[in-house]
There are 2 protein chains.
Amino acid sequence: MQKNYQQQTLGILGGGQLGRMLIQSAIDYNLEVHILDPDPNAPCKYLSNNFVNGDLKDFEAVYNFGKNCDVISIEIEHVNTEALLRLEEEGKKVFPQPHIIALIQDKRSQKQFYLDQGIPTSPFILTENKEEVKRNAEFLPAVNKLGKEGYDGRGVQMMRNADDLEKAFDAPGLLEKLIDFDKELAVIVSRNEAGEVKSFPSVECAFHPEHNLVEFLFSPANISPEVDAKARELAEEVIQKLDMVGLLAVEMFLTKDGELLVNEIAPRPHNSGHHTIEANYTSQFEQHLRSIMGMPLGDTALLCPAAMVNLLGEDGFTGEAIVEGMDEALKEKGVYLHLYGKKITKPFRKMGHVTILADEPSQLKEKAERIKELIKIKA
Amino acid sequence: MQKNYQQQTLGILGGGQLGRMLIQSAIDYNLEVHILDPDPNAPCKYLSNNFVNGDLKDFEAVYNFGKNCDVISIEIEHVNTEALLRLEEEGKKVFPQPHIIALIQDKRSQKQFYLDQGIPTSPFILTENKEEVKRNAEFLPAVNKLGKEGYDGRGVQMMRNADDLEKAFDAPGLLEKLIDFDKELAVIVSRNEAGEVKSFPSVECAFHPEHNLVEFLFSPANISPEVDAKARELAEEVIQKLDMVGLLAVEMFLTKDGELLVNEIAPRPHNSGHHTIEANYTSQFEQHLRSIMGMPLGDTALLCPAAMVNLLGEDGFTGEAIVEGMDEALKEKGVYLHLYGKKITKPFRKMGHVTILADEPSQLKEKAERIKELIKIKA
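All residue numbers refer to positions counted from 1 along the written sequence of the respective chain. Lettering for chains starts from A, numbering for ligands starts from 1, and both go in the order in which the items are written. In keeping with the predicted nature of the model, local features appear solely for residues at pLDDT of at least 70, side-chain atom pairs appear and are counted solely at 80 or more, and the whole-chain, interface and lining totals rest on all residues. To obtain the side-chain values, all non-hydrogen atoms of the structure were included, while hydrogens and water were left out.

Participant: Honestly, the relation of the copies chain B and chain A in this entry has me stumped. Any pointers?
Facilitator: Note that the two copies of the chain are related through a rotation about an axis and a translation along the same axis. The transformation that overlays chain B on chain A combines an axial shift of 0.0 Å with a rotation of 180°, and the residual RMSD is 0.0 Å. Taken together, the rotation angle and the small translation identify this as a two-fold axis. Closest approach to the rotation axis among the C-alpha atoms of chain B is made by L47(B), whose C-alpha sits 2.3 Å away. Every residue pair with non-hydrogen atoms within 4.5 Å of one another is taken to be in contact. Of all interface residues in chain B, 98% are interface residues in chain A too; the two copies therefore contact each other through one and the same surface. Copies overlap after least-squares fitting; the atoms used are the C-alpha atoms of residues with pLDDT of at least 70 in both.

What follows is the structure in structure tokens.
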């Protein structure tokens, strides 16, 4: 007799869009999903078996929430890991494991981990405050990152030359050597308790020039099969060296001389895997569930070439969101809208995404640009 | 400025598996979904913005539920249509239209409609009671159907010869000439308020020999492109002659001499369209939403050949459901489990379904049979 997944309660820390898409997938497995989120109107509010309003950084809130669950996971890494460690000690399954969340939460320990484990990454200097950053003018051009709390482009800034040093973060952080890369790639990889590891095909991320958010994503990446294989092997190496159970997004630079460097990792479903809902045999959300619930991992092959566009709130609009241009976009074959259930739009807030399928990878860019121009989130 | 679908509340009569899969799709459009269902533990209970426990046949229950919604639709046709007519008169959008639900609810008026509109269907005799059925021994072999309330194989029985007449239904019903068909096909078609009509490719239904429920479904059907085109045209003709807004499943017989006869229709998402979630560009659930919410209809093309297997409760087991063989099945590429959130299994209860993708249609049957043997719902 197989174990019955239906009898296990899954608790997710965070009830945003990632939790929402995770629930869409969990429905098919009859999983009972509990959600903890500080926003009383979080996107998951009406979709979970039990929605708890509470602070993800608060020990008591996280611990009390987790006590009522069998398996606990995250959709955001900025959570109280002490409470998760306690739950783990008390026999709960917490995936990804709390010490790995703690390691990844801090970009300083993340970088140190790559260095210690021989994982290729850009050169860096750890800095404790603004003064320390300023002492490293000769290391520029570099990226100055806050150790903790960075998210969606916050906590990251460019230091091109000594003039930029004045805006350096005055808190523990790091300076990373600016990489003159050819492409930014991402590989999503997962691992279950049995040690099975599967990676998705590499995707290519095109960032918005100003807002440091993924603007377009293309799958497959426009790289050789050899580079794809190397990127996937690197992602698999990272999850194995972490000894992690769950889903891990590995962002990489492909340098101009063909080297792959790990940039950042996120131990959860990720913006760079949204296209997998329609474009791959298994979606990243289902794969996350499979990995943490002890199921066999799903096949990751691409069914159809895809692009993904984030729908950000238009600059200059704050208030109740209105989606413009939906009808025009939805007339096209292979265009999939995902709205995140956020009532209020703000400039550059992630309000949704669109996945775009095409018969040939060469058609993706033009189609994605056209769809992006059509759909606007205003107020 | 486009209208904002997010600001409209959608009420669904029925909160079973069809409502559940509809909600999975509605999430992507930020639709506020209200559900009315007589079962306090209906599969949609934890997934709707507002779950109302009430009788679908009760005027007051349906009317009061509908008053709080902007658009009202169904996932089961056995509902109080008088209340829906009242809501329609009061300006609510009710799709499918109440008079069409009433027409389809009664298999007698359904058949009369085909006859009146010149839609090909099997010969039939309307009967008021058991005595009238018995007077038509010369019409056998035939199928004796109850006019109303038949569902999932209930209310339908075979009358092969005069010996079977004793079990005839003693209520208004009909006798349909038994058709010596080559295949049973189904076409799902939709129409929006603007009059746009789109049909999905024909699927082939293989029924369970004993339980009169779809056992396997194959898409594409193993028929010529000409027969597929003819079947789709026929389905489009039916929805147009009904002047219906919404999604309509049209079940047909393909006779041994190549004729298509409409068997039954259902004005909602249907078991014969479950594979569209993974296998087609647009799923039947999204298409239902698009049609009733006034969006453009989605492309219906098949992305990948697919089979669908219903997961019925095993005979001999009643009680809290346990899914056996899941892991073995989920190891395979292109196998998608959909459980319906029903805690209690009963013999032949629809507990879920599995969609199976394959590169070639010729591989589907063997793969579907293998998966069906693996997954068992017991207690």
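That covers the picture; the talk isn't over yet.
Participant: Could you clarify how one ought to interpret helix 1 (residues 17–26) of chain A in this entry?
Facilitator: Because each turn of an α-helix spans 3.6 residues, side chains separated by three or four positions in sequence point in the same direction. Within helix 1 of chain A, ten of the ten residues are buried, leaving the element largely enclosed by the surrounding structure. Of the residues making up helix 1 of chain A, those classed as buried are Q17(A), L18(A), G19(A), R20(A), M21(A), L22(A), I23(A), Q24(A), S25(A) and A26(A). Only protein chains enter the calculation, and the probe is 1.4 Å; a residue is then buried if its accessible area is under 20% of its type maximum, exposed if over 50%, and partly exposed in between. Helix numbering and strand numbering both begin at the N terminus, where a helix is a DSSP run of H or I of at least 4 residues and a strand a DSSP run of E of at least 2.

Participant: Hey, could you run me through the sheet that holds strand 9 (residues 173–177) of chain A in this one?
Facilitator: The pairing of strands in a sheet happens through backbone hydrogen bonds and is either parallel or antiparallel. Residues and elements named next belong to chain A. Reading across from one edge, 6-9-7-8 is the order of the four strands in this open sheet, with antiparallel pairing throughout. Unpaired on one side and paired on the other, strand 6 (124–127) and strand 8 (156–159) mark the two borders of the sheet. For this sheet, the mean inter-axis angle between neighbouring strands, taken without regard to orientation, is 20°. Note on pairing: DSSP must find at least two bridges between two strands before they are called paired. Looking at chain direction, strand 7 (residues 142–146) and strand 9 are connected through five bridges and run antiparallel. Along strand 9, the bridge assignment pairs V143 with E176. Helix axes use the C-alpha atoms of the stretch in contact, all axes being lines fitted to C-alpha atoms, and the angles between their N-to-C directions lie in the range 0 to 180 degrees.

Participant: What's the story with the domain arrangement of chain A in this structure? I'm lost.
Facilitator: Often the size quoted for an interface is simply the accessible area lost on bringing the parts together. All domain edges in this entry derive from an automatic or database-based domain assignment. Each assigned domain of chain A is listed here: domain 1 (5–94), domain 2 (123–177) and domain 3 (181–378). Here domain 2 of chain A and domain 3 of chain A have C-alpha centroids that lie 27 Å from each other.

Participant: Just checking my understanding: could you explain the environment of A306(B) for this structure?
Facilitator: Residues and elements named next belong to chain B. Within the element layout of this structure, A306 appears in strand 16 (residues 306–312). For the pair A306 and V62, spaced 244 residues apart in the sequence, the C-alpha separation amounts to 37 Å. With residues up to four places along the chain from it excluded, the contact list for A306 reads L217, F218, S219, H275, A279, T355, I356, L357 and L364.

Participant: Looking at this structure, I do not really get the sheet that holds strand 9 (residues 173–177) of chain B. What am I missing?
Facilitator: All names here are of chain B. Taken in spatial order, the four strands line up as 6-9-7-8 in an open sheet, and their pairing is antiparallel. In this open sheet, the two edge strands, each paired with only one partner strand, are strand 6 (124–127) and strand 8 (156–159). When strand polarity is set aside, the average angle formed by the axes of neighbouring strands in this sheet is 20°. Sheet topology note: the strand 6/strand 9 ladder contains four bridges and is antiparallel. Within strand 9, the position partnered with I125 by the bridge is L175. Of the strands in this sheet, strand 6, strand 7 (142–146), strand 8 and strand 9 are in contact with helix 5 (residues 107–117), which crosses strand 6 at around 140°.

Participant: I would appreciate a short explanation of the interface of chain B and chain A in the present structure.
Facilitator: The interface of chain B with chain A comprises 49 residues on the first partner and 48 residues on the second. Reported buried area values correspond to the accessible surface (1.4 Å probe) lost by two parts on association, with both partners' losses combined. Around 4,600 Å² of area is buried between chain B and chain A when both sides are counted, 53% of it from carbon and sulfur atoms. The set of elements that each furnish at least two residues to the side of chain B that touches chain A consists of helix 1 (17–26), strand 18 (322–324), helix 10 (326–330) and strand 19 (335–339) of chain B. The element best represented in the side of chain B that touches chain A is strand 19 of chain B, accounting for five residues. Put simply, Ala, Val, Leu, Ile, Met, Phe, Trp, Tyr, Cys and Pro go in the nonpolar bin, Asp, Glu, Lys and Arg in the charged bin, and everything else, Gly too, in the polar bin. Broken down by class, the residue content of the side of chain B that touches chain A amounts to 24 nonpolar, 14 polar and eleven charged.

Participant: Looking at this structure, I do not really get the packing of helix 1 of chain B against helix 9 (residues 284–293) of chain B. What am I missing?
Facilitator: Helix-helix packing is characterised by the crossing angle of the two axes and by the distance between the axes. Residue and element names in this part refer to chain B. Contact pair helix 1 / helix 9: the axes reach a minimum separation of 8 Å and the direction vectors enclose 75°. When the axes of helix 1 and helix 9 are compared, the pair comes out roughly perpendicular. Contacts from L18, M21, L22, S25 and A26 in helix 1 reach F285, E286, H288 and L289 in helix 9. Of the residues belonging to the contact of helix 1 with helix 9, the class tally is six nonpolar, two polar and one charged. Oblique is the label for any angle not covered by the other classes, which are roughly parallel (under 35 degrees), roughly antiparallel (over 145) and roughly perpendicular (65 to 115).

Participant: Is there a simple way to think about helix 9 (residues 284–293) of chain A in this case?
Facilitator: Residue and element names in this part refer to chain A. The buried fraction of helix 9 is high, at ten of ten residues. Buried within helix 9 are the following residues: Q284, F285, E286, Q287, H288, L289, R290, S291, I292 and M293. Throughout this description, a polar contact denotes any pair of N or O atoms lying within 3.5 Å of each other; where both atoms belong to protein, one of them has to be capable of donating a hydrogen while the other can accept it, and for residues adjacent in sequence the pair is counted only when both atoms sit in side chains. Sitting at the amino-terminal end of helix 9 is S283, which places a side-chain oxygen 3.2 Å from the backbone nitrogen of F285. One or two positions beyond helix 9, positive phi appears at G294, with a value near 80°.

Participant: Even after reading the chapter, I still don't get the packing of aromatic side chains, so can you show me in this structure?
Facilitator: For any pair of aromatic rings, the description rests on two quantities: the centre-to-centre distance and the angle between the ring planes. Residue and element names in this part refer to chain B. Between the rings of Phe, Tyr and Trp (Trp by its six-membered ring), a pair exists once the centres lie within 6.5 Å; its type follows the angle of the planes, with under 30 degrees stacked, over 60 edge-to-face, and the other angles tilted. In the structure shown here, the tally under the stated rule is eight aromatic pairs over all chains. Measuring from ring centre to ring centre gives 5.0 Å for F181 and F253, while their planes differ by 15°; the resulting arrangement is stacked. In this pair, F181 is assigned in strand 10 (residues 181–191) and F253 in strand 14 (residues 246–255), connecting sequence segments 72 residues apart. Overall, the relative accessible area of 30% leaves F181 in the partly exposed class. Ring centres 6.1 Å apart and planes at 25° place the aromatic pair F216 and F218 in the stacked group. The pair F216 / F218 is uniform in exposure class, with both members buried.

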